[in-house]
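# Coordinate analysis (summary)
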Amino acid sequence: MRLAIRAAVAAGMAGLLMTAAACSSDDNSGSSSGSKNVEVFTWWADGGEKAGLDGLVAAFGTACPNDKFVNGAVAGGAGSNAKAVLASRLQQNDPPDTFQAHAGAELTDYIKSGKIQDLSQEYKDWGLTDAFPKGLIDNLTVGGKIYSVPANIHRANVLWGNKTVLASAGITKDATDLDGFFADLDKLKAKKVTPLALGKDWTQEMLFESLLITELGADKFKGLWTGTTDWAGADITKAINDYKRLLTYTNKDTRDTYDWTDAEKLLMDGKAGYQLMGDWEAADLDAKGFKDYSFSPFPGNAGTYQWLADSFVLPVGAKNAEGTKCWLKVVGSADGQKAFNTKKGSIPARTDANAADYPAYQQAAIADWKSNAQVPSCPHGSACSQGWQGAVGSAQGKFSTDGDVAALQTALVNAAKQFAKA
Ligand code: BGC
């Protein structure tokens, strides 16, 4: 279907329209190619992710009636399939009109390779410069130019629980430190359920990072990505050993093939007690009608918000640049952020949102975001480049099979050497 759409829009393609005019319902009269389509490329294909996208699409329909949303979603958690498809399309100079990119180092990859356009003028025209927190704007800016519009802020380091399963094992309150957590995992094991549901590479990376936050604290964890914390240190060796112990409580036979939603299903079906996952899980559980869940920061992570942000860009060569600008304006607007985030589990990136408009989980997250220390995530692009993400993900996958502590640490050291900023 995507091919058909591309063939249709390719017919009249006459290069990129570069006007800086702000869009509105009456000025988005199409592109130089004549296309009214806005192909939006994401990996939000199902459940809470699709519900969030649908919210944004509804707001786009109201604000940009002359343009047509075309869904370019490629399923697979954290963009595990989408990013490869996108890379190949960018390589062939066949970009979608806009695509989802994580704020931070991952976005910087696209900026440095010249794949996306400067939106600084649009920020001024649309009044966005003051709408977002300065730290987030810094993550979207390279060389004084700002390149994408953030849709949200997600939290990665959240522990989700099945309340009935936990209660049956005598757990009524989530542990706040690692010792307590291991004791609870033992109680779940005795009940013959999977204590901690887990999925493949990037989800393993998330679990390991949560453990690192517990063991290193926020500042030292941040230093792993900026070069001030040594990946070869004894504290990292200890963390890998604890992580190895944690893996013994997970679904060994299936973890390397499961996506996050498969692990989530173990939780929903009462076959697992806990799962570490980002807060898109809140939206997904809600979308699937599962209400019996608990949430808390991963044990030892209280006071630290591991953040990531989805943002949208204007690629070089977008076929309907004006329609895309209308999409981007909606993404950054108060209405767009509310329509999206109330369904997506994330909190609005804008600072002027009203917490009372949001479900219970997000109300708690909005409060935590204001008071917590903020640290980035590698698998979700705020901490590290795509090359670094890939290297860590495959090292993690290998460790899941061989459990070789020294080999994992060496791979992590080498990845940092290869990919860390000078
Ligand atoms: C994205 C989220 C998405 C999650 C799982 C993350 O990388 O930022 O929007 O819900 O992956 O697919």
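Look up a bit, the structure's there.
With that settled, the discussion passes to the sheet that holds strand 10 (residues 272–277). Here we have 4 strands laid out as an open sheet, ordered 9-10-8-11, and mixed in their pairing. Across the chains shown, the open sheet's two edge strands, defined by having one partner strand only, are strand 9 (194–197) and strand 11 (293–297). On average, adjacent strands in this sheet sit at an angle of 20 degrees to one another, irrespective of strand direction. Pairing geometry for strand 8 (residues 158–162) and strand 10, over 4 bridges, is antiparallel. Across the sheet, Val158 pairs through a bridge with Met277, a residue of strand 10. The strands that helix 12 (residues 260–268) touches are strand 8, strand 9 and strand 10; relative to strand 10, the one it contacts most, it runs at about 150 degrees.

A few words now on the side chain of Lys319. Considering the arrangement of structural elements, one finds Lys319 in the loop between strand 13 (310–313) and helix 14 (321–332). In terms of polar contacts, Lys319 uses its side chain to reach the backbone carbonyl oxygen of Pro95, at 3.2 Å.

Enumeration over the complete set of coordinates arrives at 19 salt bridges. Of the charged contacts, one joins Lys50 and Asp54 as a salt bridge, the two residues approaching to 3.1 Å between their closest N and O atoms. Note that Lys50 and Asp54 are positioned in helix 2 (residues 47–63) at a spacing of 4 residues, about one turn of the helix. Taking relative accessible area as the criterion, Lys50 reaches 28% and is therefore assigned partly exposed. Note that Glu106 is salt-bridged to Lys83, the shortest N-O span being 3.0 Å. Separated by 23 residues along the polypeptide, Glu106 in helix 4 (residues 105–112) and Lys83 in helix 3 (residues 82–91) bring together distant segments of the chain. For the pair Glu106 and Lys83, a shared accessibility class is recorded, and that class is buried. Among the charged side chains, a salt-bridge network with shared partners connects Glu39, Arg89, Asp94 and Lys319.

What counts and how
- Residues numbered from 1 in each chain as written.
- Predicted model: local features only at pLDDT ≥ 70, side-chain atom pairs only at ≥ 80, totals over all residues.
- Heavy atoms only, no water.
- Pairing = 2+ DSSP bridges.
- Helix = DSSP H or I, 4+ residues; strand = E, 2+ residues; numbered from the N terminus.
- Axes fitted to C-alpha atoms, helices over the stretch in contact; angles between N-to-C directions.
- Contact = heavy atoms within 4.5 Å.
- Polar contact = N/O pair within 3.5 Å; in protein donor to acceptor, adjacent residues only side chain to side chain.
- Salt bridge = Lys/Arg side-chain N within 4 Å of Asp/Glu carboxyl O.
- Buried < 20%, exposed > 50% of the residue type's maximum accessible area, 1.4 Å probe, protein only.

Everything listed here is a matter of coordinates, which is why it stays silent on function.
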